[in-house]
Each structure stands twice: as C-alpha cells, then as structure tokens.
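Each chain is listed here by its residues.
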Amino acid sequence: MCRLILGVVYLVCSLGWSSVVQADAVSDWNANAGKPGSGGCNIQPHESRMYAMMHIAIHDALNAIERRFQPYILDLPETPGASVEAAVATAARDVLVPVLGQLPLELLAACIPAAIDGVEADYAAALNAIAEGTSKTQGIVIGRAAAAVVLALRIADASDTPVLDFSYPDGTEPGEYRSPTGSALAILPGWGNVTPFVLKESAQFRPGPPYAVSSEEYTADFDEVKHRGVKEGSTRTPEETQIAYFWLESSPLQWNRIARTISAASGLRQWENAQLFALLNMALADSDVGAGETKYHYNYWRPQTAIQFAASDGNPGTIADPAWEPLDPTPPLPEYDSAHSFKGGAAAEVLRRVFETDQVSFSTCSLTLPIPEEQCGGANEVLRSYSSFSQAAEENGVSRILVGYHFRKAVEEGIKHGRKIGKHTVEHFLKPVD
C-alpha cells in the first residue's frame, strides 16, 4: 500500500476491497471503484466527486431501461429488455476512465495508469459475461449516454482547483489558521467553490462560528484534545487508540463499504442499490464541498498550533506545550468544522432515511489500522460493530479528537452539518415514481 495523508487528501496507490460477496452489477461497480488497481487511486474530495458521478450515471442508466426512480439528469424513453449489466458497466467505465485521467498528475502519476487499466479489465470482464445481441448493444448505448450527460454536466464545476497552495498565508492572531507544517501550505482552499451536486450553494447549511479562544467552552475542548489526542502520554485507552486509527480511512471508501454490507444483508435489488449509492455519494461529495467552504470561511486553527502557541492566546486557562504532537500528523488546512465528522453525519443520515430506521446492526473493517494483518482482508482482520448508523457516525467523529485533529465543537457541528445535507439529499432527489 502507498498512502500519503494530507488531511482530507488521501493518495492511495492500492486501496480497499470488499469482504461482502456482491449480489449485482451496481454493488460490484461500487466495489470496483475502490479496489486495488481500479479506482483506488485518488484524493479524497476528488474521490467523492468521482463516486457521485459514477453512481448518478448508473442510476440514470437503469432508470432509462425501466423508470422506477426520478432521474438526476438523463431523461430518456424507457428501453425495456436492454441489458442492465451492460448499461451499469458502461456507465461506470465511461465515467471512471476519463475522471481518473483528469486527476492531479503531479500527485498521482504513479497510480493513475494502473487504476485506469484496472477499470478497463473489470469492464472487459463484465461485457464478456453478457451474451451478444440487441439487449447487450442497447445496454451499452444507454450506459454511454448516461455517462456522457454526467461528464458534460460536471465539465466546468471548478474541481480543477489546485490541491496544494504553498502561498496560503499563516494567521497571526489567536485562533487563526497556521500551517502545522511550519511553512505556508493549505490543501484545496478552493474546493468550497466546486459546484455542488444537491446543494443550492456550498454555504447552504454553514454552521455558526467556532468557540472564541477566550471562552470556557474552548478551554474545555482544548484540554480534552491536548490530553486525549497527543501522540505520547495520552489518556486514551487501547480501544480509543484503535478507534483513532480505524476511522483514519477515506470516508468514501469506509461508508460505501458499510452501505454494501447493509445492502447485501437487506437484499436490495439493483434499482434500489442504484438509488442508495447515488444518494449516499452525492451527499458525501457535497459534504466535501460544504466542509471546504466552512473551513476557509472561518480559517480556524488546529489543536496542534493552538496548543503549541497557547502562551500567546490570551486565555489564562490554556497551558502551552511547544512540543505537543498529535497521534497522527495534522492535516494542513483549517480546523472548523470537521470534514470527516461531516461526511459521517451525511452518510448516516442517508442510510437512516433509505432504510427507514437508524437501528441497523452491522460490522465493518478498516484499511488504516497500524498492523497490516488487522486491516480488511488480513489474517487477523479487526471488525468493529455498531447497533445503529448514528453510533458509527458518533464514533467516527470522536476519532478526530482521539487522533488529535479536532476540537469537540468541530466534531459536533460537523455531524450536524452532515445530517442536514443527508436529509436534504434524500428529500429532494431520486424520488420513487408512482
């Protein structure tokens, strides 16, 4: 595995596989998008955008064969009898290959060719399994049409914004963002300008401001992350350290794996899976857009710099530790609100509304535990179990305190922010037809 973590940026040369036996083409292509040698070569906001585009194309292709849900953009007369498998595979392939080719080459040159080759291999295998004939040809035509419309819709969505900004200014006042790297650097400061999939604008559900550095609430959050998120000498329990690493994984990979697990256990059919994964990934993609807008609007400092520079913050209740380090290196972008918590809240809300209950028990694995044998597919694979979507979202959020990335305020607001986007997505898009 090759992994460069830059906060919301996860450069992955080999990522992800599903421990669930897939039941249909929609779930298969959801897994294909993140497996080694396929779509598992990405930067996290770009990753969530790619998954959303792929699943919109898949959803609309299926509903051009038989209309069961309102399409997102492709509105064609139904073509009964067209091959569902050919339509799904073609829609997925025709989105994944060009989008992978558009990723920032300076960061991903090592794995883009292999990722594209993986997608092409999966596509060839999918088509070879389908009998030749009119049904297959019609499915391919529909899949191509769906992908083409989605690609055209997103061609000027501002996602070509630079990933790394080496001239982003450090703040000088208490509470203002300062790069934890020691030199001017910020990740994706323009991502908040990317065109959303479901929101009217990126600031639609922006939360109120973070705590003032002089407040008692800030002091309490400061002390919590100082003691629980520190690399050495933490008050974390062994399980809390496991939680911190477990949820370091890319949110799109983790929450799509969870969705596949629950879909398989629930026996969802292909049209239902198409709706589920499109809603989930549009909400995740807009969580990245909303978080990017919020972060650079408030430009708040990270716990690492807050703790290291506490002697000059004007708050007598905060005690500085110039040598303080988090459990995992701090991402170089503003702190508030927590994008990871945001995406967990959005995913949990979509799943809760699609399955019409929060009380769903499931287990999942992770690719970011420190011991490879304990990762997904390892000889001693670690599974963590949950009794509800909310419980998983809460643990996902708390993990950002335990790893030293966030104050509790950012975590709590992030989850609430995400829930609003999840609710908005399900209430306004891909509704069932009568």
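Along every chain, residues carry numbers that run from 1 in the direction the sequence is written. Local features in this predicted model are restricted to residues whose pLDDT is 70 or higher, and side-chain atom pairs enter the listing and the counts only when it is 80 or higher, whereas totals over whole chains, interfaces and linings include all residues. Side-chain metrics in this entry use all non-hydrogen atoms of the structure; hydrogen atoms and water are not considered.

Caption draft 1: Region of the structure containing helix α7 (residues 216-228). Each helix corresponds to a stretch of at least 4 residues labelled H or I by DSSP, and each strand to a stretch of at least 2 residues labelled E; elements are numbered beginning at the N terminus. Any helix carries an expected span of 1.5 Å times its number of residues minus one. Helix length check: α7, at 13 residues, gives a terminal C-alpha distance of 18 Å against a target of 18 Å (1.5 Å per residue), a fit within 8%. Note on classification: 1.4 Å probe, protein chains only; a residue is buried when its accessible area is under 20% of the maximum for its type, exposed when over 50%, partly exposed between these limits. Burial in α7 covers these residues: Tyr 218, Thr 219, Asp 221, Phe 222, Glu 224, Val 225, Lys 226 and Arg 228. Along its buried surface, α7 packs onto α8 (238-246), α11 (303-308), α13 (389-402) and α14 (408-428). Here, residues are in contact when the closest pair of their heavy atoms is within 4.5 Å.

Caption draft 2: View of the confidence of the model for the protein. For the protein, mean pLDDT is 93; residues scoring 70 or higher make up 94% of the total. The pLDDT value expresses, per residue, how confident the predictor is, ranging between 0 and 100. Residue range residues 1-22 is modelled with pLDDT below 50. Its contacts to residues more than four positions away, or to other chains, number 82 contacts.

Caption draft 3: Region of interest: the packing of helix α12 (residues 339-355) against α13. Axis separation between α12 and α13 bottoms out at 9 Å; the angle between their running directions is 175°. Viewed along their axes, α12 and α13 adopt a mutual orientation that is roughly antiparallel. Between α12 and α13, the residues in contact are His 340, Ser 341, Gly 344, Gly 345, Ala 348, Leu 351, Arg 352 and Phe 355 and Phe 389, Ala 393, Asn 396, Gly 397 and Arg 400, respectively. The residue classification treats Ala, Val, Leu, Ile, Met, Phe, Trp, Tyr, Cys and Pro as nonpolar and Asp, Glu, Lys and Arg as charged. All others, Gly included, are polar. Here the residues of the contact of α12 with α13 sort into 5 nonpolar, 6 polar and 2 charged. To obtain an axis, a line is fitted to C-alpha atoms, over the contacting stretch when the element is a helix, and the angle between two such axes runs from 0 to 180 degrees between their N-to-C directions. Throughout, the term roughly parallel applies to angles under 35 degrees, roughly antiparallel to angles over 145, roughly perpendicular to angles from 65 to 115, and oblique to all others.

Caption draft 4: Looking closely at the environment of Ala 285. By the secondary structure assignment, Ala 285 is in helix α10 (residues 270-298). Using a relative accessible area of 3% as the deciding quantity, one classes Ala 285 as buried. Between the alpha carbons of Ala 285 and Ala 145 there is a distance of 22 Å; along the sequence they are 140 residues apart. With residues near it in sequence (within four places) discarded, Ala 285 still touches Ser 48, Arg 49, Ala 52 and Phe 197.

Caption draft 5: The arrangement of the pattern of salt bridges in detail. Here, a salt bridge means any side-chain nitrogen of Lys or Arg that lies within 4 Å of a carboxyl oxygen of Asp or Glu. According to the stated counting rule, one finds 23 salt bridges in the structure shown. Across the pair Arg 269 and Glu 272 runs a salt bridge, and its minimum N-O distance is 3.3 Å. For Arg 269, a relative accessible area of 53% gives the class exposed. Glu 427 is the partner of Lys 423 in a salt bridge, and the nearest nitrogen-oxygen pair spans 3.1 Å. A residue pair is termed a helical-turn pair when its members lie 3 or 4 positions apart in one helix, as Lys 423 and Glu 427 do in helix α14 at 4 residues. Overlapping salt bridges, with partners in common, bring together Glu 349, Arg 352, Arg 353, Arg 419, Lys 423 and Glu 427 in one network.

Caption draft 6: Broad picture of the side chain of Asp 328. Along the chain, the position of Asp 328 falls in the loop between α11 and α12. Classification of Asp 328 as buried rests on a relative accessible area of 12%. The definition of a polar contact used here is a pair of N or O atoms within 3.5 Å, where within protein one atom must be able to donate a hydrogen and the other to accept one, and adjacent residues in sequence count solely through side-chain atom pairs. Reaching out from Asp 328, the side chain makes a polar contact with the side chain of Tyr 405 at a distance of 2.5 Å.

Caption draft 7: Layout of the packing of aromatic side chains. Any two of the Phe, Tyr and Trp rings considered here, Trp counted by its six-membered ring, make a pair once their centres fall within 6.5 Å; the pair's planes then place it as stacked at under 30 degrees, edge-to-face at over 60, or tilted in between. By the definition in use, this model includes 13 aromatic pairs. Relative to Phe 407, the ring of Tyr 218 has its centre 5.4 Å away and its plane inclined at 55°; by these criteria the two rings are tilted. Highlighted residues: Tyr 218 in helix α7 and Phe 407 in the loop between α13 and α14, separated in sequence by 189 residues. Accessibility assignment for this pair places Tyr 218 and Phe 407 in one class, buried. When the centroid spacing of 5.5 Å and the interplanar angle of 40° are considered together, the rings of Phe 362 and Tyr 386 count as tilted. Highlighted residues: Phe 362 in strand β5 (residues 362-364) and Tyr 386 in strand β6 (residues 384-386), separated in sequence by 24 residues. Here Phe 362 and Tyr 386 have matching classes, each one buried. Through a chain of ring-to-ring contacts, the aromatic side chains of Phe 246, Trp 247, Trp 255, Phe 355, Phe 362, Tyr 386 and Phe 389 assemble into a single cluster. Here Arg 68 stacks its cationic end above the ring of Trp 271, 4.0 Å away from the centre of that ring. Put simply, a charge is over a ring when the Lys NZ or the Arg CZ is close to the ring centre, within 6 Å, and near the line of the ring normal, within 35 degrees. The ring of Phe 309 carries Arg 178 above its face, with NZ or CZ at 4.5 Å from the centroid.

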